[in-house]
Amino acid sequence: MHPVRVAVVVTAISAASWLLPIYRVVEYLMSLPSLMSGKSIGDSNDLHYGYELLFSYLFCLLTPVLLGYLYILRPKLLVIVPCLLVVAMALRVIALRPEEVIVLFPSIRPFQPAQVGLVAALVGLYFFQSNSRPEFDQS
């Protein structure tokens, strides 16, 4: 299969896994003024938490794009394998549903998905930079 097709398929699957969480956090941010009726400890905390989640989700959405681009430059399967981490985090976020008014503690740290995306990007960059053949000293 052509590297561009593989990169597009992997990027599309990874991006599709983040569409529902991004939709839910945008819906949460738009409905926040109506939800702030004394249920929360701090109304501004809910707003900051929502924006941090949105940033984190968008970062995770862009990570597979970077890995797909690196795969097009050097077609090594290990470069796009870390996209599985991003998809697994999306499934965890979908299951936990952290887009809610904070009552006592949030269900996840807001930057936890971005941290997983960063780890996936760094692992992909490592595999992109690594050589498949070991170098031996000829002396």
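In this text the structure is predicted, and so the values were computed from the model without any measurement.

(A) Main features of the overall build of the protein. Secondary structure assignment for the protein yields five helices and zero strands. Along the protein, from the amino end to the carboxyl end, the secondary structure elements read α-α-α-α-α. Considering the protein as a whole, with its 139 residues, one finds that 38% of them fall into the buried category. Roughly 8,500 Å² of accessible area belongs to the protein as shown, and the carbon and sulfur atoms make up 69% of that amount.

(B) Here's a closer look at the packing of aromatic side chains. All chains considered together, the criterion is met by three aromatic pairs. Consider the rings of tryptophan 18 and tyrosine 57, whose centres lie 5.3 Å apart with planes at 45°: the pair is tilted. With a gap of 39 residues between them, tryptophan 18 in helix H1 (residues 3-35) and tyrosine 57 in helix H2 (residues 43-73) connect regions that are remote in the sequence. Exposure class is identical for tryptophan 18 and tyrosine 57. Each is buried. Plain terms: the ring middles of phenylalanine 55 and phenylalanine 111 are 6.1 Å apart, the flat faces sit at 75° to each other, and that makes the pair edge-to-face. With phenylalanine 55 in helix H2 and phenylalanine 111 in the loop between helix H4 (83-96) and helix H5 (112-129), the pair connects residues that are 56 residues apart, well separated along the chain.

(C) Local environment of H4. Its 14 residues place the ends of H4 20 Å apart at the C-alpha level, agreeing with the 20 Å of an ideal helix rising 1.5 Å per residue. When H4 is considered as a whole, its buried residues turn out to be Cys83, Val86, Val87, Met89, Ala90 and Val93. For H4, the buried positions fall inside an angular range of 160° around the axis, keeping them on one side. In H4, the exposed residues that point more than 90 degrees away from the buried face are Leu84, Leu91 and Ala95. One or two positions beyond H4, positive phi appears at arginine 97, with a value near 55°.

(D) Fine view of unusual backbone geometry. Positioned with a positive phi, arginine 97 is a non-glycine residue whose angle comes to about 55°. Classification of arginine 97 as partly exposed rests on a relative accessible area of 43%.

Calculation rules
Residues numbered from 1 in each chain as written. Predicted model: local features only at pLDDT ≥ 70, side-chain atom pairs only at ≥ 80, totals over all residues. Heavy atoms only, no water. Helix = DSSP H or I, 4+ residues; strand = E, 2+ residues; numbered from the N terminus. Buried < 20%, exposed > 50% of the residue type's maximum accessible area, 1.4 Å probe, protein only. Areas by Shrake-Rupley, 256 points an atom, 1.4 Å probe, with all protein chains shown as cover. Phe/Tyr/Trp six-rings, centres within 6.5 Å; stacked < 30°, edge-to-face > 60°. Expected span 1.5 Å × (residues − 1). Arc of directions from axis to C-beta.

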